[in-house]
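# Coordinate analysis (summary)
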Amino acid sequence: MGTPTLTPRRLIASVCVALASWAVACSDSTPAANSEQDASSLEVGELTGPQVAYVGQAACFSLEVTPSDASISTFWGDGTSDQLLCHTYTAPGHYLLSAEVSSAGQKQVRSRGLLVVTQPLALAPTHSSTIALDPEGSGLWVVNPDNDSVSLLDAGSLELIREFPVCDHPRTLAISGAFVAFTCQDSDEVWQLERLVPSDAKRTQLAPGSAPYGIVGDPRGRFFYVTTQSLGGVASIGVGAAGVTHSVQTLPDARGLGMLPDGRLFVTHWRSAAEGARVSLISAPAPGELGEVQSLLLPPELGLNSDTNNDGVPSFNNQIVLNPSGTQAWLPSLKANNQTGLFRSGKDLSFELTARAIVSVLEVPGSLDQLPRERAAGRYAFDDLDFASAAIFTRDGGLAFVAIQGSERVIALDAFTLDNAGSIRDVGKAPQGLALSPDGTRLFVHGFMSRSVRAYDISALGQGDPPLVAEGATVASEALTPEVLLGKQIFYAAVDRRMSKSSYLSCASCHLDGEGDNLVWDFTGRGEGLRNTIPLRGRAGVGSGALHWSANFDEIQDFEHDIRGPQQGTGFLADSLFHSGSVDTPLGDPKAGLSVELDALAAYVNSLSGWGSSPYRKTGDPAWEATRARGKQIFESAAAGCGSCHSGSTFSDSGFDPPKLPRLHDVGTLSAGSGSRLGSQLTGLDTPTLRGLWKSAPYLHDGSAATLRDVLITRNPNDRHGVTSTLSEQELDDLEAFLLTLDDFEP
Ligand code: HEC
Ligand code: HEC
C-alpha cells in the first residue's frame, strides 16, 4: 500500500535548524569538505526502508556501502545516533533520518527524509461523513440534503455517474461490505443501497421525530450504527437489513459517530450547554450490540481572549474522527464564546472573540475500562478561520486535514505536533466532508453549498499550493430557487468580506443547519443583553412576527446591522443607500429591495418553514392521546391564561402596532442580565412561538430556564407568566406533554 511521503517544508526546516551541528543531513549527499573524491574507494547507495515505523517496534533500514568496513553513524532524528541500521522509537512524530558513512578520510551522508512514527495502526477506524470513497477506490458517494438525493461520482474524473433520488434530507453516509447506507434527517429513515448492483433500497423507518444524522459502519463488519439526534440516541441496523437491532436513548442531541475495531463507539453531542460540550462512549462487545454509556465533559476554556484565541465551549460538534492507531479522537468544531460580554466579564465580544474554528483532541487509552481524556496541551485554535466542519487523517496517521466551512479552506496539520503543514484555499462553498484516496495522494473536499467535490493532489504538500486535479458537480439540477440558493450560500460564507472581518463569522456560526446553538450569548454590547439563540427552522423568518426576543428587527435585511457592527463586515448595502433616510436604523426605512444579496439572505431565512416532528408525539397511543388532550385543555383554559399571548397558529401575538410599537410583555422574567432593547430600556419581551420546544432548551430570553418545569414554576413565582401555581404535578406533566409536541402535525 503506497503511503504518502508528505514532507511539509516547515517540518524539514525546523528539524534542520535543530540539528544545525550536522546540518549537512538536510541535503541528500554531501562529500566531506576538501576531500578529493575517489569514486572507487567510497560508494554509498540510497538509504531505504519503511515509510512508517511503529512506536515500540524496531524499524530497520538498509544502505549499500563499499568498502564494507566503512563506518556508519545513523542519526535517528529523535536526538539519538548509533552505528546500527535498526531503531526502536519511543514516541510518535515525524523524524528526519540520515546516515553518515566514512572511510579513509572520506565522508558521505544519505538522508531518508521524514519518517512517520505512529502507534501501531488499528484496523481502519470509521467515522460518519457527508462523503465516502468505496473500498475499491473508484466511486465516491456524497449526500445532497437539499436535493433529497445521494450521488455516485467517478473518483478519477469526478464525473457524476448517477444521482439517486432518496428520502428526505440525507445527511451522512457510510459504506460497509456491499452496501452504502445513509440517514434521512427529515423522514426519520435509514436507507441502504447495494453499491455495485442497483436494486431496491433496504429501508429502516425509525420512530417519528428521530431525526437521524450520523452513521458509521462497525469496523468489524455486519452492522451500521446511527445517531437519532432528536430522540437522543443511537441505534444499530444490520448491513443489508431493514429494521433496528438494538438502541439506546440516553444521548441527547447525539450527532457524529466514530468507531474503533475494539467496539468502542464515540458519539458527539451536537450542541453544548453552559457547562461545556459532551462526548459519549459506548462499548459494543459484538457488532450491533450497545453496552454501557459513559460520557466526558469538555468544559469551557477561560483566560484565552486575544486576537488569536477566545474563551468558550466547543459548539456544533458534527464529527469525531479517530486516528489510524486509535490513540486519538479529534473533534473539529467551533469555539463559541459563551463566557465573554459586557455583563458577564466586563469585556465586549468583538468580531475576533466571538467564535473561531477549533479542534479538541482526546487521548484514547488502550484499555476499554478507562475514559479518554483531553490532551494536556489543550484545544487547537485556528486563527482567522470560522468553523472546523470535518477532519480526516492520512493512512499513516502523520497528517490530518481539517475543513473550515465558512472560510472555504482546508488546513493540513502535523497530527503529532499540530503544526500547520499547509493550506488549500477555495475548496468550494461550505466544505462539510473530506475523503482521501487509498494511495493517499488525493484529497476530496465536499462543498455542500457549491454542490461540488474538488480533488487535490497532496503528494507534494508543503511545496506550494496543492493543485486542483478534478472537480465535479454533485447534483444534476438544483432543487432550491436561485435566490434561496444564493441566500443560503451567503448565510454560510464567513470568507465574504461583506459578511465578516477576518473570516470569523457567518450566520451559520450560531445557526448551523438553520437551527440554533442552544447557547446564551452576552449581547449587552449590541444594546441588548443575555440572549438565548433563537433557532430559525420553523419560524420562517418574519413569518412568526417580530424578530429577536426584544422585537428589535422587523425584516431579515436588518441583519445588515449585525453584519456591519459586531461582525465587522463591510455590509451588503452600498454606504450611500445604508445612510439614506432612516435605512441605517433598525425598524427604520425598509432595507428590502436595496441589495440583491440581503434580499437573497432574507429569502433563505424566510424559507425556513417546517418544524419537523416531535419525538414526544405518540400518535395512536391512547394513554398519550389522553394526557395530551388534558394538557391542551389546561393551555386553552381562561384560568391558566396562556392563550392570551401564545395565540393563533404561531402560538404568539408577536408583531407591531402602528407606528412601530412592539407588543412586549413583562412576565416577571426580566433580571439584571436582561439588558436593554436597541440600547434603551427593555420593558418586556416579544412572545415567542411555542412550536419546536422539544429541541430548543434552554428556555426564556436569557436561557434561565433549563426545562419547561422551570419556565412554568421556578421562573414564574408570582403567576405573572400564566397562572400555574394552582396546577397539580399531574396537570403540569399534562401541560408539558402538550407543549413538547407542538410540531408540524399541530394545526
Ligand atoms: C454569535 C451568534 C450569532 C450569529 C453569528 C448570528 N446569530 Fe442570529 N441569533 C443569535 C442569538 C443569540 C439570537 C437571539 C438574539 C435576540 O433575540 O436578541 C438570534 C436570533 C436570530 C433571529 C431571530 C429569529 C426570531 O424568530 O426572532 C434571526 C432571524 C437570526 N438570528 C438570523 C441571523 C442571521 C441572518 C445571521 C447572519 C447575518 C445571524 N443570525 C447571525 C445568535 C447569532
Ligand atoms: C402575558 C403574556 C403571556 C402569557 C399569559 C403567557 N406567556 Fe409564555 N411567554 C410570554 C413571553 C413574553 C415569553 C418570553 C419570556 C422570556 O423570554 O423571559 C414567554 C415564554 C414562554 C415559554 C418559553 C419559550 C421559549 O422558547 O423559551 C414557554 C414554554 C411559555 N411561555 C409557555 C407559556 C404557558 C404554558 C403559559 C400559560 C401557563 C404562558 N406561557 C403564558 C408571554 C406570555
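In this text the structure is predicted, and so the values were computed from the model without any measurement.

Bringing the site of ligand 1 into the picture now. Taken together, 21 residues lie around ligand 1, and Cys507, Cys510, His511, His548 and Trp549 are the ones closest in. Here His511 contributes a side-chain N or O atom positioned 2.9 Å from a nitrogen atom of ligand 1. Between an oxygen atom of ligand 1 and a main-chain N or O atom of His548, the distance comes to 2.8 Å. When contributions to the shell around ligand 1 are tallied by element, the ones reaching two or more residues are helix H3 (508–511) and strand S42 (530–532). Split into classes, the residues belonging to the shell around ligand 1 amount to 12 nonpolar, seven polar and two charged.

This paragraph deals with the coordination of the iron atom of ligand 1. In this structure the iron atom of ligand 1 is ligated by exactly one protein donor, His511 (NE2), at 2.1 Å. Following the sequence through the fold, His511 ends up in helix H3.

What the rule picks out here adds up to 16 aromatic pairs. Pairing Phe351 with Tyr504 gives two aromatic rings, centres 6.3 Å apart and planes at 50 degrees, and the pair type is tilted. Of the two residues, Phe351 sits in the loop between strand S29 (328–336) and strand S30 (355–363) while Tyr504 sits in the loop between helix H2 (482–492) and H3, which places them 153 residues apart along the sequence. According to the relative accessible area criterion, Tyr504 is buried, its value standing at 0%. With a centroid separation of 5.9 Å and 85 degrees between ring planes, the pair formed by Phe448 and Tyr492 is classed as edge-to-face. Of this pair, Phe448 sits in the loop between strand S38 (442–447) and strand S39 (452–457) while Tyr492 sits in helix H2; the two residues are 44 residues apart in sequence, bridging distant segments of the chain. Each member of the pair, Phe448 as well as Tyr492, is classed as buried. Within the aromatic cluster, the residues linked to one another by ring pairs are Phe61, Trp76, Tyr89 and Tyr95. Stacked on the ring of Tyr213, the Lys or Arg Arg255 has its end atom at 3.6 Å from the ring centre. Above the face of the Trp270 ring, Arg255 is positioned so that its terminal group lies 3.8 Å from the ring centre.

Our next topic: the sheet that holds strand S33 (residues 388–393). The strand order S33-S34-S35-S36 describes an open sheet built from four strands, whose pairing is antiparallel. Strand pairing shows two members of the sheet lacking a second neighbour, S33 and strand S36 (420–424), which therefore form its edges. The sheet shows a mean angle of 20 degrees between the axes of neighbouring strands, taken without regard to direction. Note: S33 against strand S34 (residues 399–404), five bridges, orientation antiparallel.

Turning our eyes to something else, we now look at the packing of helix H7 (residues 622–636) against helix H9 (residues 729–739). It is the contact of H7 with H9, at a shortest axis distance of 7 Å, that shows an interaxial angle of 95 degrees. As the angle between them shows, H7 and H9 are arranged roughly perpendicular. Judged by residue contacts, Thr627, Arg628, Arg630, Gly631, Lys632, Ile634 and Phe635 of H7 engage Gln730, Glu731, Asp734, Leu735, Ala737, Phe738 and Leu739 from H9. For the contact of H7 with H9, the residue count by class is six nonpolar, three polar and five charged.

Before going further, it helps to spend a moment on the coordination of the iron atom of ligand 2. The protein atoms donating to the iron atom of ligand 2 are His646 (NE2) and His721 (NE2), with metal-donor distances spanning 2.0 Å. With six donor atoms in place around the iron atom of ligand 2 and angles of 87 to 179 degrees between them, the coordination shape is octahedral. Of this pair, His646 sits in the loop between H7 and strand S43 (656–657) while His721 sits in the loop between helix H8 (708–714) and H9, and the two are 75 residues apart along the sequence. Assessed through its relative accessible area of 11%, His646 is described here as buried.

Before going further, it helps to examine the sheet that holds strand S24 (residues 264–269). In space, the five strands of this open sheet follow the order S10-S23-S24-S25-S26, with antiparallel pairing throughout. In the strand order of this sheet, the two ends are held by strand S10 (126–127) and strand S26 (293–298), each with one partner. In this structure, strand S23 (residues 254–259) lies alongside S24, joined through four bridges in antiparallel fashion. Bridge pairing in S24 links Gly258 to Phe266.

The subject of this paragraph is the site of ligand 2. Every one of the 25 residues lining ligand 2 counts as a neighbour, but Cys642, Cys645, His646, Thr669 and His721 are closest to it. Only strand S48 (685–686) and H8 provide two or more residues apiece to the shell around ligand 2. Per-element accounting of the shell around ligand 2 gives the leading share, three residues, to H8.

On any regular strand, side chains alternate: one points to one face of the sheet, the next to the other face. Burial within strand S12 (residues 139–144) is extensive, with six of its six residues counted as buried. Burial along S12 is two-sided: Gly139, Trp141 and Val143 facing one way and Leu140, Val142 and Asn144 facing the other are all buried. Of the pairings in the sheet, the one linking strand S11 (residues 131–133) to S12 comprises three bridges and is antiparallel in character. The residue of S12 that forms the bridge with Ala132 is Trp141. Pairing analysis gives six bridges linking S12 to strand S13 (residues 149–154), with the strands arranged antiparallel. When the sheet's bridge partners are listed, Asn144 is paired in S13 with Ser149. The turn linking S12 back onto S13 is made up of four residues, and Asp148 within it adopts a positive phi angle of 50 degrees.

Next up on the list: the domain arrangement of the protein. On domain assignment, one finds that the protein holds domain 1 (9–118), domain 2 (126–473), domain 3 (484–606) and domain 4 (622–652 + 687–739). Averaged C-alpha coordinates put domain 2 and domain 3 at centres separated by 28 Å. On the side of domain 3, 34 residues touch domain 2, which itself brings 46 residues to the contact. Carbon and sulfur atoms make up 59% of the area that domain 2 and domain 3 hide from each other, which totals about 3,100 Å². One can count four salt bridges joining domain 2 with domain 3. A salt bridge links Asp146 to Lys488; the shortest N-O distance between them is 2.9 Å.

Before going further, it helps to examine the confidence of the model for the protein. Do not read the fine detail of predicted coordinates wherever pLDDT is low. Confidence in the prediction of the protein, expressed as mean pLDDT, is 92, and 94% of residues score 70 or more. Per-residue pLDDT stays below 50 along residues 1–39; that stretch engages in 62 contacts with residues further than four places along the chain or on separate chains.

Let us now look at the pairing of strand S15 (residues 170–176). Counting buried residues in S15 gives seven out of seven residues, a clear majority hidden from the surface. In the sheet, S15 pairs with strand S16 (residues 179–184) via five bridges, with the strands oriented antiparallel. Following the sheet pairing, Pro170 is matched in S16 by Cys184. Count of turn residues in the S15/S16 antiparallel hairpin: two residues, of which Gly177 carries a positive phi of about 55 degrees.

Our next topic: the environment of Thr74. Inspection of the secondary structure puts Thr74 in strand S5 (residues 71–75). A relative accessible area of 1% places Thr74 in the buried class. Taking C-alpha positions, Thr74 is 47 Å from Gly312, a pair spaced 238 residues apart along the chain. If sequence neighbours within four positions are ignored, Thr74 has contacts with Thr80, Ser81, Asp82, Leu84, Leu85, Leu97, Ser98 and Ala99. Separated by 2.6 Å, the side chain of Thr74 and the backbone oxygen of Leu84 make a polar contact.

Conventions we followed
- Residues numbered from 1 in each chain as written.
- Chains lettered and ligands numbered in written order.
- Predicted model: local features only at pLDDT ≥ 70, side-chain atom pairs only at ≥ 80, totals over all residues.
- Heavy atoms only, no water.
- Near = heavy atom within 4 Å.
- Polar contact = N/O pair within 3.5 Å; in protein donor to acceptor, adjacent residues only side chain to side chain.
- Helix = DSSP H or I, 4+ residues; strand = E, 2+ residues; numbered from the N terminus.
- Nonpolar A, V, L, I, M, F, W, Y, C, P; charged D, E, K, R; others polar.
- Donors = N, O, S within 2.8 Å, 3.2 Å for Na, K, Ca; no water.
- Phe/Tyr/Trp six-rings, centres within 6.5 Å; stacked < 30°, edge-to-face > 60°.
- Buried < 20%, exposed > 50% of the residue type's maximum accessible area, 1.4 Å probe, protein only.
- Lys NZ or Arg CZ within 6 Å of the ring centre and 35° of its normal.
- Pairing = 2+ DSSP bridges.
- Axes fitted to C-alpha atoms, helices over the stretch in contact; angles between N-to-C directions.
- Parallel < 35°, antiparallel > 145°, perpendicular 65-115°, else oblique.
- Contact = heavy atoms within 4.5 Å.
- Tetrahedral: all angles 85-135°; square planar, octahedral: opposite > 155°, others 65-115°.
- Domains from an automatic or database assignment.
- Buried area = accessible area lost by both parts, 1.4 Å probe.
- Salt bridge = Lys/Arg side-chain N within 4 Å of Asp/Glu carboxyl O.
- pLDDT = per-residue confidence, 0-100.

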